[in-house]
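Structural characterization, general
Residues per chain are reported as follows:
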Amino acid sequence: MNKNKWKKTAVLLLLPFLFIGQTGCGTFSNIAPEEIDEIDEMVSVQENDDLIVVGFAQLGSESMWRTANTNSVRRALTKENGYFLLTDNARQKQENQIKAIRSYISQRVDYIVFSPVVENGWDTVLEEAKDAGIPVIIMDREVSADESLYTTWVGTDSFKEGENAARWLEGELKSKNQLYEDVNIVILQGTLGSSAEMGRTTGFHSIAARYSNWHILDEQTGDFTIAKGKEVMQQFLKKYKDIDIVVSQNDDMTFGAIEAIEEAGMTTGVNGDMIIISFDAVREALEMVRAGKINVDVECNPEQGEYIAEIIQKLEKGEPIEKEYIVEEKIFTHRNVSKYMEDRTY
Ligand code: AHR
């Protein structure tokens, strides 16, 4: 179909969704005011025929990392850069994300970008996108679906992040001549069934399994949020009197856990009662690494918007692309963190 005609069809198809949005039963029922503006603007897409329409189904706004990730996409896919970006916040619910993707399919957007809240259960909706001829770019977390059902994936290597956290612990205990001493570990997991949680859990376990003196007392989900991280840590503290190490699979849960530990009269970090291993490396957490409250922060890089823009540009020109793009990541401790703080934008 000729692209101009396509865009006009998109406008017509969108109109029913405007009403659905107003009655609160459609994909856009939970939208923020700026998103309403976007929908209004979509009506005038016919005047912007040259814009590339991207439907972005974000999984939620559960963490500081997520906000940085959403902002990265918004910064890269601007009108000035030639894009018209539709966004949806699924509030950590797969069914909401599926609804959003379906609405993008019926609006006949040019591309769909989405970060899957969990790994399984995407095959049907991905098939629907494929049948509609809409390229799907998966971002951040992974899906278990067949590779032929999506165009490409941009994200982080969660298994390696988990391994890196355990390798850091190995080095730390070795430097103190404690590598073979008994240590008690608790793990605050992210959203169960997400590739971020599964990768970090299995990556950490793969190294921990080598040490019979590393006792993993418990692992529970805190769903990647401050409130749940605090709640789960409070339960761990009630249940176990001798926790040495907390592995918290994101910074938000770490903030909650540290609050719980301090409220219980204990300290964390370099000279504290408990070693804290965190993931993400958002600015607030790096400040705590610098202050010695968090021992190590394994980066999960949210800056993925530029990759998406580059991939779309290549696809528009008919150039070949890779099936996966893994973003670069670092590990921060109080020894190296200061030199990275100045440039940290999130
Ligand atoms: O998928 C990336 C993870 O999701 C980040 O570690 C976490 O903060 C977010 O909620």
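This structure is a prediction, so every number in the text was calculated from the model and none was measured.

Conventions and cut-offs
Residues numbered from 1 in each chain as written. Predicted model: local features only at pLDDT ≥ 70, side-chain atom pairs only at ≥ 80, totals over all residues. Heavy atoms only, no water. Near = heavy atom within 4 Å. Polar contact = N/O pair within 3.5 Å; in protein donor to acceptor, adjacent residues only side chain to side chain. Helix = DSSP H or I, 4+ residues; strand = E, 2+ residues; numbered from the N terminus. Pairing = 2+ DSSP bridges. Axes fitted to C-alpha atoms, helices over the stretch in contact; angles between N-to-C directions. Contact = heavy atoms within 4.5 Å. Buried < 20%, exposed > 50% of the residue type's maximum accessible area, 1.4 Å probe, protein only. Left-handed = near helix turned anticlockwise from the far one by under 90°. Nonpolar A, V, L, I, M, F, W, Y, C, P; charged D, E, K, R; others polar.

Around the ligand lies a shell formed by E62, S63, W65, R66, D140, R141, A196, R200, F224, N250 and D280. In the environment of the ligand, an oxygen atom lies 3.0 Å from a nitrogen or oxygen atom belonging to the side chain of R66. Separating an oxygen atom of the ligand from a side-chain N or O atom of R141 is a distance of 2.8 Å. Elements represented by at least two residues in the shell around the ligand include exactly helix 3 (64–76) and helix 7 (195–208).

With mixed pairing, the six strands of this open sheet are ordered in space as 7-6-8-9-10-12. The open sheet has two edge strands with one neighbour each: strand 7 (214–221) and strand 12 (331–333). On average, each strand axis in the sheet is tilted by 15° relative to the strand beside it, whichever way the strands run. In this sheet, strand 7 lies alongside strand 6 (residues 183–189) in parallel orientation, the contact comprising seven bridges. What sits directly across from N184, in strand 7, is H215. Along the sheet, helix 6 (residues 158–175) makes contact with strand 6, strand 7, strand 8 (245–248), strand 9 (275–280), strand 10 (296–299) and strand 12, crossing strand 9 at roughly 155°.

This part covers the environment of E197. Structurally, E197 is set in helix 7. According to the relative accessible area criterion, E197 is buried, its value standing at 6%. In this structure, the C-alpha to C-alpha distance between E197 and R141, residues 56 residues apart in sequence, is 9.6 Å. Excluding residues that lie within four positions of it along the chain, E197 makes contacts with Q189, G190, T191, L192, F224 and Q249.

Here we take up the packing of helix 6 against helix 7. Taken N-terminus to C-terminus, the directions of helix 6 and helix 7 make an angle of 35°; their axes are 6 Å apart at the nearest point. Of the two possible hands of crossing, helix 6 and helix 7 adopt the one that is right-handed. Contacts between helix 6 and helix 7 involve S158, F159, E161, G162, E163, A165, A166, R167, L169 and E170 from the first element and S195, A196, G199, R200, T202, G203, F204, S206 and I207 from the second. Residue composition of the contact of helix 6 with helix 7, by class: seven nonpolar, seven polar and five charged.

Before going further, it helps to examine unusual backbone geometry. Backbone geometry follows two general trends: most residues other than glycine have a negative phi, and most peptide bonds adopt the trans configuration. Of note, Q92 is a non-glycine position whose phi angle comes to about 60°, a positive value. With respect to the secondary-structure elements, Q92 resides in the loop between strand 2 (83–89) and helix 4 (94–106). Phi at F224 takes a positive value of approximately 65°, unusual for a residue other than glycine. Mapped onto the elements, F224 comes out in the loop between strand 7 and helix 8 (226–239).

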